Amino acid sequence: MSNKQSRFWTPSKSKWLLGIPVGGFVFALLGAVGLGVFHITMEASSTNEFCYSCHVGMDTIVEEYQASVHYNNRHGVKADCADCHISKEFLPKMETKIKALADIYYQLIGTINMENFEQERLRLAQHVWDEMQANDSRECRSCHEPTRWDLAAAPTRIRVAHQKTLSGEETCINCHAGIAHQLPQRHLSRKTP
Ligand code: HEC
Ligand code: HEC
Ligand code: HEC
Ligand code: HEC
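Here the residue numbers are simple positions, counted from 1 along each chain's written sequence. Labels are handed out in written order, letters beginning with A for the chains and numbers beginning with 1 for the ligands. Residue-level local features of this predicted model are given only where pLDDT is at least 70; pairs of side-chain atoms are given and counted only at 80 or more, and the full residue set underlies all totals for whole chains, interfaces and linings. The side-chain values count all of the structure's non-hydrogen atoms but skip hydrogen atoms and water molecules.

What counts, and what does not: UniProt positions are given in the numbering used here, feature names are shortened, and annotations may be inferred rather than shown by experiment.
The protein goes by Cytochrome c-type protein in an unreviewed UniProt entry, where it is assigned to Neiella holothuriorum. Recorded in UniProt under Sequence similarities (unreviewed entry), the annotation for the protein is "Belongs to the NapC/NirT/NrfH family."

## Points about the coordination of the iron atom of ligand 1
Heads up, the condition is: Donor criterion used throughout: N, O or S atom within 2.8 Å of the metal, extended to 3.2 Å for Na, K and Ca. Water excluded; incomplete-looking sites may result. Per the convention used, a helix needs a DSSP run of H or I reaching at least four residues, while a strand needs a run of E reaching at least two, with both numbered from the N terminus.
Only one protein atom coordinates the iron atom of ligand 1: His 55 (NE2), located 2.1 Å from the metal. Mapped onto the elements of the fold, His 55 is located in helix H3 (residues 48-55).

## A short note on the coordination of the iron atom of ligand 3
Which entries qualify depends on this criterion: Working rule for geometry: tetrahedral if four donors all subtend angles between 85 and 135 degrees; square planar for four, octahedral for six, if opposite donors exceed 155 degrees and the others stay between 65 and 115; irregular in every other situation. With a 1.4 Å probe rolled over the protein chains alone, any residue whose accessible area is under 20% of its type maximum counts as buried; one over 50% counts as exposed, and the rest are partly exposed.
Binding of the iron atom of ligand 3 to the protein goes through His 162 (NE2) and His 176 (NE2), at separations of 2.0 Å. Coordination at the iron atom of ligand 3 is octahedral, judged from the 6 donor atoms that bind it and the angles of 87 to 178 degrees they form at the metal. Note that His 162 is positioned in helix H8 (residues 156-166) and His 176 in the segment after helix H9 (172-175), a separation of 14 residues in sequence. With a relative accessible area of 17%, His 162 lands in the buried category. Residue class for His 176 comes out partly exposed when judged on its relative accessible area of 39%.

## Details of the site of ligand 3
The criterion, for reference: Near residues are defined by distance, with any heavy atom within 4 Å of the molecule or strand qualifying the residue. Polar contact is defined as a pair of N or O atoms within 3.5 Å, subject to the rule that within protein one atom must be able to donate a hydrogen and the other to accept it, and that residues adjacent in sequence are counted only when both atoms are side-chain atoms. Residues are sorted three ways: Asp, Glu, Lys and Arg are charged, Ala, Val, Leu, Ile, Met, Phe, Trp, Tyr, Cys and Pro are nonpolar, and all the rest, Gly among them, are polar.
The environment of ligand 3 is formed by 13 residues, the closest being Arg 157, His 162, Cys 172, Cys 175 and His 176. At 2.8 Å, a side-chain N or O of His 176 approaches a nitrogen atom of ligand 3. For the shell around ligand 3, the elements supplying multiple residues, two or more each, are H8 and H9. Broken down by element, the shell around ligand 3 gets its largest block of residues, 5 residues, from H8. Taken together, the residues that form the shell around ligand 3 break down as 6 nonpolar, 5 polar and 2 charged.

## A short note on the site of ligand 2
In the neighbourhood of ligand 2, 18 residues make up the surrounding shell, with His 70, His 75, Cys 140, Cys 143 and His 144 lying closest. His 144 places a side-chain nitrogen or oxygen 2.8 Å from a nitrogen atom of ligand 2. For the shell around ligand 2, the per-class residue count stands at 9 nonpolar, 5 polar and 4 charged.

## Examining the packing of aromatic side chains
Condition: Each Phe, Tyr or Trp ring (for Trp, its six-membered ring) is paired with any other whose centre lies within 6.5 Å, and the angle between the two planes then decides the class: stacked below 30 degrees, edge-to-face above 60, tilted in between.
Tallied over the full model, the rule gives 3 aromatic pairs. A centroid spacing of 5.1 Å and a plane angle of 75 degrees characterise the contact between Tyr 65 and Tyr 71, whose relative ring orientation is edge-to-face. Taking relative accessible area as the criterion, Tyr 71 reaches 37% and is therefore assigned partly exposed.

## Observations concerning helix H7 (residues 117-134)
Spelled out, the test is: Here the expected span of a helix is defined as 1.5 Å times the quantity of residues minus one. Here a residue-residue contact requires only that any non-hydrogen atoms of the pair lie within 4.5 Å.
The terminal C-alpha atoms of H7 lie 25 Å apart, and with 18 residues this matches the ideal 26 Å at 1.5 Å per residue to within 8%. Taken together, the buried positions of H7 are Phe 117, Arg 121, Leu 122, Ala 125, Trp 129 and Met 132. Where H7 is buried, its residues meet helix H4 (61-66), helix H5 (81-85) and H9.

## A few points about the side chain of Ser 87
As for its position among the elements, Ser 87 is in the loop between H5 and helix H6 (90-109). With relative accessibility at 3%, the residue Ser 87 sits in the buried group. Here the side chain of Ser 87 touches Glu 89 through a polar contact of 2.9 Å, landing on its backbone nitrogen. If sequence neighbours within four positions are ignored, Ser 87 has contacts with Pro 92, Lys 93, Arg 138 and Glu 139.

In structure tokens, the structure reads:
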């Protein structure tokens, strides 16, 4: 080994150089704390309780959901608000979270309330439908996996309809709107099965 090389590895005597490893450590620590806070924030803002904090009293969404098969069913499998409304994939999840920041503002100025909800409802529902149409009902598919459907055992009505999903002709939300909430009364422009 040459002298030059071994000197490179000798710890420097000058104190300020110590700042490099210390600085590195502090950065790593901040990074870890930041990541932890980020993770906790992401988790906390995906719980039903978080959604309830605004949607209870603002509209009738939560009560309708709690009366639906996605809240209460014979198998006891739960589908939380976030399971249908927030993607499990990182980028679309971040997109939803960032867009949802606007809802804090809307909540503060009170765009939606018990009085005008039915008036506003079609606009909100249409937004969700458009999204699900565009992403081929991605969130539904995290629980319902069409390739595992036992179509042979299904009644003809379901078999025929679900064949159209497998062939890519139709996506879930085209036929299954209103599975967790009431449909908007002004549900005019929508095709139903
Ligand atoms: C800070 C209050 C607040 C919280 C918390 C909140 N929402 Fe909302 N949400 C709103 C408001 C206000 C609107 C109406 C926005 C508008 O008028 O466009 C809305 C609209 C929506 C819509 C319909 C329109 C759209 O943007 O797609 C969905 C779906 C929705 N919220 C789901 C959720 C879910 C799921 C959660 C929990 C993960 C949640 N919200 C938590 C205030 C909130
Ligand atoms: C977190 C898992 C989960 C997600 C996400 C989910 N579901 Fe379900 N779904 C269930 C469970 C559990 C049941 C009830 C099964 C049972 O016990 O009969 C169910 C039942 C249904 C039923 C039968 C309804 C009835 O009245 O019997 C339909 C239709 C359905 N889901 C469609 C959808 C659609 C469309 C989406 C997406 C918008 C979706 N599901 C998202 C878990 C989920
Ligand atoms: C072309 C229309 C159509 C499409 C697209 C469609 N379904 Fe269905 N689905 C039906 C019909 C019709 C039924 C029977 C409803 C009934 O009996 O009330 C049904 C029944 C179901 C049931 C209940 C099954 C049972 O045995 O009771 C579930 C769960 C379901 N669909 C989920 C989905 C999911 C998830 C998707 C997308 C991956 C999807 N469907 C796509 C029309 C469709
Ligand atoms: C099983 C999937 C599913 C679950 C669980 C679910 N939603 Fe939805 N949500 C939908 C679909 C699909 C729509 C589009 C309108 C429709 O078809 O009912 C929707 C529409 C909405 C809208 C727009 C207004 C409207 O009436 O259409 C809001 C707000 C909303 N959901 C909030 C929530 C909140 C908050 C929760 C939990 C308390 C929740 N959702 C649970 C599937 C779900």
